[in-house]
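Structural features, examined
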Amino acid sequence: MTKRIKAFSVHMLTATGAVFAMLAMLAAVDEKWDLMFLWLVVAFAVDGIDGPLARHYNVKTYAPDYDGVLLDLIIDYLTYVFIPAFALFKSDLLNGWTGWVCLIVITFTSVIYFADTRMKTKDNSFMGFPGCWNMFVLVMFATSPHWLVILALVVVISAAMFLPLKFIHPVRTVRWRRISLPITILWTVLSGYTAWQNFEVGKVTILLLSATSVYILFAGIAQQVFPQKA
């Protein structure tokens, strides 16, 4: 297999995310939330491995006709933002007007953030919350907090997209990666298991899912509070 074919194959792998997004959307329309999240978790896993593969096979050199970054952003908006926002809106987690507020706030702020060329920091982290609403909504489905809590979190996290707060990339942020990457893998496994069980899981699973989510959310901010010594 030539280097060009290998590089092009990485683009094809990334493109499967669009198929998983459609399968997730079809499940969401039928309000099959467990199946929807399972497809989103699969898409999340693909998104986690295609980047390292793209760098390993030097996609920019051997398959430059296709923009992998643009391809990734299109799929990420579907799987990270659009479908999770729809699920939150259609679920019983919010009441009346709050569903509309969350739907509009999530989709509008996220598309603005995705178009921001300043989203990446020098250490390959994200500046501002990177629109990972798939993770947020899954945890909301698993924990079922009061609608006021969900509304408040949506507003705060949306605002965090445009604040000078750092959020780690579990694969590309080198600092704490030996901790961050295993925790993210654990989160992915827990999420898949929780969706597979239709969110009927024990307290230990919920606790681990919440704890890993908190780490992923605040690790970058912690790195800002405790900067690395020169």
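Our subject in this report is the structure included herewith. Since the model is a prediction, treat every value here as computed from it, not as a measurement.

**Section: the overall build of the protein**
- Regarding its fold elements, the protein presents 9 helices and 2 strands.
- When the elements of the protein are put in sequence order from the N terminus, they spell out α-α-α-α-α-β-α-α-β-α-α.
- Relative to the compact-globule value of 17 Å for 230 residues, the protein shows a C-alpha radius of gyration of 18 Å, a close match.
- Viewed in the frame of its principal axes, the protein has a C-alpha envelope of about 55 × 45 × 35 Å.
- Residue burial in the protein is summarised as follows: out of 230 residues, 45% are buried.
- Taking as baseline every contact in the protein between residues at least 6 positions apart, the subset at least 24 positions apart corresponds to 78%.
- When the accessible area of the protein is evaluated, it comes to approximately 12,400 Å², of which 70% is carbon and sulfur surface.
- Computed over 17 positive and 13 negative side-chain charges, the inter-centroid distance for the protein is 14 Å.

**Concerning unusual backbone geometry**
- A positive phi angle, close to 65°, is found at Asn124, a residue other than glycine.
- If you trace the backbone, Asn124 turns up in the loop between helix H5 (97–114) and strand S1 (126–127).
- Of note in the backbone geometry, Phe199 takes a positive phi value of approximately 65° without being a glycine.
- Assessed through its relative accessible area of 14%, Phe199 is described here as buried.

**Quick notes on the nonpolar core**
- Counting 56 residues, the largest nonpolar core has Met36, Phe37, Leu88 and Trp133 as the members making the most contacts within it.
- When residues of this core are traced back to their parent elements, those giving at least two are helix H1 (3–29), helix H2 (33–56), helix H4 (68–90), H5, helix H6 (133–143), helix H7 (147–160), helix H8 (177–196) and helix H9 (203–225).
- At 9 residues, the largest contribution of residues to this core is made by H6.
- What Phe37 contacts, discounting residues up to four positions off in sequence, is Asn134, Val137, Leu138, Phe141, Ala195 and Phe199.

**Points about the side chain of Thr212**
- Along the chain, Thr212 falls in helix H9.
- Of the residues examined, Thr212 reaches a relative accessible area of 7% and is grouped as buried.
- In contact with Thr212, not counting residues within four places along its chain, are Ile183, Leu186, Trp187 and Leu190.

**Some details on the packing of H1 against H2**
- It is at 8 Å that the axes of H1 and H2 come closest, and there the two elements cross at 170°. Between H1 and H2, the interaxial angle falls into the category roughly antiparallel. At the point where H1 passes H2, the crossing takes the left-handed sense. Contact residues: Val10, Leu13, Thr14, Thr16, Phe20, Leu23, Ala24, Ala27 and Ala28 in H1; Trp33, Leu35, Met36, Trp39, Leu40, Val42, Ala43, Val46, Ile49, Asp50, Leu53 and Ala54 in H2.
- Residues belonging to the contact of H1 with H2 are distributed by class as follows: 18 nonpolar, 2 polar and 1 charged.

**Examining the pattern of salt bridges**
- All chains considered together, the criterion is met by 3 salt bridges.
- A salt bridge links Asp116 to Arg118; the shortest N-O distance between them is 3.0 Å.
- Accessibility expressed as a relative area gives 64% for Arg118, which makes it exposed.
- For the salt bridge of Asp123 with Lys166, the shortest nitrogen-to-oxygen distance reads 2.8 Å.

**Points about H7**
- Taking 1.5 Å as the rise per residue, H7 with 14 residues should run 20 Å; its terminal C-alpha atoms sit 20 Å apart, in good agreement.
- Considered for burial, the residues of H7 that qualify are Ile150, Leu151, Val154, Ile157, Ser158 and Ala160.
- The secondary structure elements touched by the buried residues of H7 are H4, H5, H6 and strand S2 (166–167).

So, how was this worked out
- Residues numbered from 1 in each chain as written.
- Predicted model: local features only at pLDDT ≥ 70, side-chain atom pairs only at ≥ 80, totals over all residues.
- Heavy atoms only, no water.
- Helix = DSSP H or I, 4+ residues; strand = E, 2+ residues; numbered from the N terminus.
- Rg over C-alpha atoms; globule rule 2.2 N^0.38 Å.
- Buried < 20%, exposed > 50% of the residue type's maximum accessible area, 1.4 Å probe, protein only.
- Contact = heavy atoms within 4.5 Å.
- Areas by Shrake-Rupley, 256 points an atom, 1.4 Å probe, with all protein chains shown as cover.
- Lys, Arg positive; Asp, Glu negative; His and termini not counted.
- Charge placed at Lys NZ, Arg CZ, Asp CG, Glu CD.
- Core = buried A, V, L, I, M, F, W, Y, C linked by side-chain atoms within 4.5 Å.
- Axes fitted to C-alpha atoms, helices over the stretch in contact; angles between N-to-C directions.
- Parallel < 35°, antiparallel > 145°, perpendicular 65-115°, else oblique.
- Left-handed = near helix turned anticlockwise from the far one by under 90°.
- Nonpolar A, V, L, I, M, F, W, Y, C, P; charged D, E, K, R; others polar.
- Salt bridge = Lys/Arg side-chain N within 4 Å of Asp/Glu carboxyl O.
- Expected span 1.5 Å × (residues − 1).

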